[in-house]
Amino acid sequence: MSRPFKIEIAESEEELKKRLQTANLGNQKEKLMMLWWIKSGQVKEQQKIGKRLAKDTSTVTRWLQKYRTDGISGLLEIKKALLCKTENR
């Protein structure tokens, strides 16, 4: 059994639920779900989040660290893909 973690989710359950309904990308939905589960008290361990989302606990740890440092906007930030070398020809 993994140890419980402590994190304060600034957003309300309602706000997270609204964002979940409007999220377009699967990755963002997973991250919002994670925050909503924590905020609503449904999960108290990173391992359980990982199992629910079928993600490794290191991924969950990374996501939570990103939320702690950069907030929800940093967590949900979409990274731009690098241009393919074939496009530069």
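Residues numbered from 1 in each chain as written. Predicted model: local features only at pLDDT ≥ 70, side-chain atom pairs only at ≥ 80, totals over all residues. Heavy atoms only, no water.

For the chain, the name recorded in an unreviewed UniProt entry is Helix-turn-helix domain-containing protein, with Nostoc flagelliforme FACHB-838 as its organism.

Novice: Whenever I open this one, the overall build of the chain confuses me. Can you help?
Specialist: When helices and strands are tallied, the chain shows 4 helices and 0 strands. Each helix (α) and strand (β) of the chain, taken in turn from the N terminus, gives the series α-α-α-α. In the chain, the share of contacts with a sequence separation of at least 24, taken over all contacts with a separation of at least 6, comes to 57%. Approximately 6600 Å² of the chain is accessible, and the part contributed by carbon and sulfur atoms is 50%. (Helix = DSSP H or I, 4+ residues; strand = E, 2+ residues; numbered from the N terminus. Contact = heavy atoms within 4.5 Å. Areas by Shrake-Rupley, 256 points an atom, 1.4 Å probe, with all protein chains shown as cover.)

Novice: In this structure, what is going on with the side chain of Gln46? I would like to understand it.
Specialist: Structurally, Gln46 is set in helix 3 (residues 46-53). In this structure Gln46 comes out as buried when scored by relative accessible area, which is 17%. (Buried < 20%, exposed > 50% of the residue type's maximum accessible area, 1.4 Å probe, protein only.)

Novice: I'm lost on the packing of aromatic side chains in this one. Help?
Specialist: The description of an aromatic ring pair uses the distance of the two centres, along with the angle that the planes make with each other. A full pass over the atoms with the stated rule returns 0 aromatic pairs. Of note, Arg52 hangs over the ring of Trp37, and the distance from its end group to the ring centre comes to 4.8 Å. (Phe/Tyr/Trp six-rings, centres within 6.5 Å; stacked < 30°, edge-to-face > 60°. Lys NZ or Arg CZ within 6 Å of the ring centre and 35° of its normal.)

Novice: What is the right way to read the environment of Lys39 from this model?
Specialist: Here Lys39 lies in helix 2 (residues 26-39). The sequence separation of Lys39 and Leu16 amounts to 23 residues, and the corresponding C-alpha distance is 8.9 Å. When neighbours within four sequence positions are excluded, Lys39 is seen to be in contact with Ile9, Ala10, Glu11, Ser12, Glu13 and Leu16. For Lys39, the side chain forms a polar contact with the main-chain oxygen of Glu11, separated by 3.4 Å. (Polar contact = N/O pair within 3.5 Å; in protein donor to acceptor, adjacent residues only side chain to side chain.)

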